[in-house]
Amino acid sequence: MTTFEQMIEHGHERVCFHQDPESGLRAIVAIHSTVLGNALGGTRRWCYATEADAVHDVLRLSEGMTYKAAAAGLPMGGGKSVIMLPKPRHQPTEAEARAMGRFVDTFNGAYIAAEDVGVNTQFVDWMAMETNHVMGGETVSVGGDPSPYTARGVVNAMRGSLSQLGRPVDFSGVHVAIQGVGSVGYNIARILHEEGATLTVADINEDNIKRIHSIGDVTITDPESILTTSCDILAPCALGGVIDGKNASKLRCKIVCGAANNILDDPDEDSVVVKNAGILYAPDFVANAGGLIRLAGLYLGMSEGELNQKIEDIEPTLRQILADAEQHGMTAHAAAIKFAREKIEEGGKKSSVERMAGGQSA
Ligand code: NAD
């Protein structure tokens, strides 16, 4: 499919390409929707096999951001950007980040950048030297690393999932398998360990495996077998597309609830396989909204109390979606998309002043 055909099929408003010869930057910004407000979404630095892969990734990530913001009750749209690296683990430079900042600035706030895979607070602050439309830095821009907030939100989604299965909302003795203990996965492990969960984790990064031992007793397994570990909750917290047609029927968990964006490779098909296997799937864009809530909330001027409440609200929002799915015989993924689209339709009828005043609530 051409880029235009993909945009038309998924309803994207804008996709822009940019190259900067001096820094070598090659980047794409995709704005999926600004119906509810400006689009906030992270910048991913990744070495894609082909340009088509980068376009595909930015299109689906930006669409996910629209649903994430809407489901979280934020008056924000959905957008995302990717930087195409010339080789894996290509080191970031100030020149690259500042060129990206200038690109982001051309959107005049319709797109607001932040962290994603491969981008840290330093990179964000370098971008912020060129634009005000960046969140998540520590010196030039504000917000800091959103990962601890994303982790809190995912744990709240795990609570909602346990409750939906009629189980005690208590992690004591609950076995959680975490794929990827990077920024978010580590924080999820830390919270769950404090709450008495039994943890099995895997990561391809040795340093992150070493770091996880600092939280206490954790079982390490190899990256190949983490997804099929027998457990209560499987938490994919690495990259997207990890549950697909090949492994969806081989999972040995009761719940899938993680931080990764686009956990299901083909959400429409894989969500049916997962549901038919008797596994509860917590839609990723509902579960992992904590970081967006933090950064978008600060951007919108919310108080700490309001921000924390919105992260707590992930649990009842997820329960509402899962109950709707059960009542109507839908997959959780379909019910979450329906929930988000209803919010967008509702919010789209309001003026931006009404939306900012909180008329669009979770
Ligand atoms: P990160 O890069 O800090 O961590 C990812 C970890 O996964 C790394 O430690 C990496 O080594 C590991 N990994 C990669 N491939 C693996 C494999 N095959 N098996 C096991 N481990 C593997 O990224 P992060 O910020 O923790 O984000 C994790 C996921 O959550 C990403 O998909 C991201 O898009 C999503 N997400 C993050 C946030 C956030 O606030 N950081 C918010 C929403 C969604």
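Criteria and cut-off values
- Residues numbered from 1 in each chain as written.
- Predicted model: local features only at pLDDT ≥ 70, side-chain atom pairs only at ≥ 80, totals over all residues.
- Heavy atoms only, no water.
- Axes fitted to C-alpha atoms, helices over the stretch in contact; angles between N-to-C directions.
- Helix = DSSP H or I, 4+ residues; strand = E, 2+ residues; numbered from the N terminus.
- Parallel < 35°, antiparallel > 145°, perpendicular 65-115°, else oblique.
- Contact = heavy atoms within 4.5 Å.
- Expected span 1.5 Å × (residues − 1).
- Buried < 20%, exposed > 50% of the residue type's maximum accessible area, 1.4 Å probe, protein only.
- Pairing = 2+ DSSP bridges.
- Domains from an automatic or database assignment.
- Buried area = accessible area lost by both parts, 1.4 Å probe.
- Near = heavy atom within 4 Å.
- Polar contact = N/O pair within 3.5 Å; in protein donor to acceptor, adjacent residues only side chain to side chain.
- Areas by Shrake-Rupley, 256 points an atom, 1.4 Å probe, with all protein chains shown as cover.
- Nonpolar A, V, L, I, M, F, W, Y, C, P; charged D, E, K, R; others polar.
- Phe/Tyr/Trp six-rings, centres within 6.5 Å; stacked < 30°, edge-to-face > 60°.
- Lys NZ or Arg CZ within 6 Å of the ring centre and 35° of its normal.

Right, let's get into the packing of helix 5 (residues 147–164) against helix 11 (residues 304–312). Between helix 5 and helix 11, the shortest axis-to-axis distance is 8 Å and the interhelical angle comes to 40°. Viewed along their axes, helix 5 and helix 11 adopt a mutual orientation that is oblique. Two secondary-structure elements touch here, helix 5 through Y149, R152, G153 and N156 and helix 11 through N308, I311 and E312.

Let us look at helix 2 (residues 51–71). Helix length check: helix 2 (21 residues) gives 30 Å between terminal C-alpha atoms against 30 Å at 1.5 Å per residue, within 8%. Across the 21 residues that make up helix 2, a large majority, 16, are buried.

Taken in spatial order, the four strands line up as 1-2-5-4 in an open sheet, and their pairing is mixed. Across the chains shown, the open sheet's two edge strands, defined by having one partner strand only, are strand 1 (14–20) and strand 4 (43–46). Across this sheet, the average inter-strand angle for adjacent strands is 20°, counted without regard to direction. The sheet contact formed by strand 1 and strand 2 (residues 25–33) spans seven bridges and is antiparallel. Paired with Q19 across the bridge in strand 2 is R26. The sheet contacts of helix 2 involve strand 1, strand 2, strand 4 and strand 5 (78–84), and relative to strand 5 the element is tilted by about 155°. Against the sheet, helix 3 (residues 94–105) touches strand 1, strand 2, strand 4 and strand 5, its axis set at about 35° to strand 2.

Let us now look at the domain arrangement of the chain. Split by domain assignment, the chain resolves into domain 1 (3–128) and domain 2 (147–290 + 300–304 + 315–338). Taking the mean C-alpha position of each, domain 1 and domain 2 sit 25 Å from one another. Of the residues lining the interface, 15 residues belong to domain 1; the matching set on domain 2 comes to 15 residues. In this assembly, domain 1 packs against domain 2 so that about 1100 Å² is buried in total across both faces, 66% of it on carbon and sulfur atoms. Among the residues of domain 1 in contact with domain 2, R60, Y67 and K68 are the three that bury the most area, contributing 47% of the side total.

Let us now look at the site of the ligand. Neighbouring the ligand are 24 residues, the closest being T150, V184, D203, N208 and A238. In this structure, a nitrogen atom belonging to the ligand sits 3.3 Å away from a side-chain N or O atom of S147. Bound to the protein, the ligand loses 81% of the 830 Å² it would expose on its own. Counting only elements with at least two residues in the shell around the ligand, the list comes to helix 5 and helix 6 (183–194). Partitioning the shell around the ligand into residue classes produces ten nonpolar, ten polar and four charged. Shared between two domains, the shell around the ligand holds at least three residues of each, these being domain 1 (3–128) and domain 2 (147–290 + 300–304 + 315–338).

On to the side chain of R45. Tracing the backbone through its elements, the reader meets R45 in strand 4. Here the side chain of R45 touches H90 through a polar contact of 2.9 Å, landing on its backbone oxygen. Apart from the residues lying within four places of it in its own chain, the contact partners of R45 are I83, L85, H90, Q91, P92, E96, V117, G118, V119 and F123.

Another point: the sheet that holds strand 10 (residues 233–236). Judged by pairing direction, the sheet is parallel, and its six strands sit side by side in the order 9-8-7-10-11-12 without closing on themselves. Strands with a single pairing partner mark the edges of an open sheet, and in this sheet they are strand 9 (219–220) and strand 12 (280–281). Bridge count between strand 7 (residues 175–179) and strand 10: four bridges; the pairing is parallel. Residue pairing across strands places A177 opposite L234, the latter belonging to strand 10. Where helix 5 meets the sheet, it contacts strand 7, strand 10, strand 11 (255–256) and strand 12, and its direction lies at approximately 150° from that of strand 10.

Turning next to the packing of aromatic side chains. Enumeration according to the criterion identifies three aromatic pairs in this entry. Both rings, one in F107 and one in Y111, keep their centres 6.2 Å apart while their planes meet at 80°; by these two values the pair is edge-to-face. Here F107 matches Y111 in class, with each residue buried. Three or more aromatic residues joined by ring pairs make a cluster, and in this case those are F103, F107 and Y111. For R211, the ring lying beneath its charged end belongs to Y186, and the centroid distance is 4.3 Å.

Now for the pairing of strand 2. Along strand 2, eight of the nine residues are buried, which leaves the element largely enclosed by surrounding structure. In textbook terms, the turn of a hairpin is the stretch between consecutive antiparallel strands, and for strand 1 and strand 2 this stretch comprises four residues, one of which, G24, has a positive phi near 85°. Relative to strand 5, strand 2 runs antiparallel, the two sharing six bridges. By the bridge assignment for strand 5, A30 is matched with K80.

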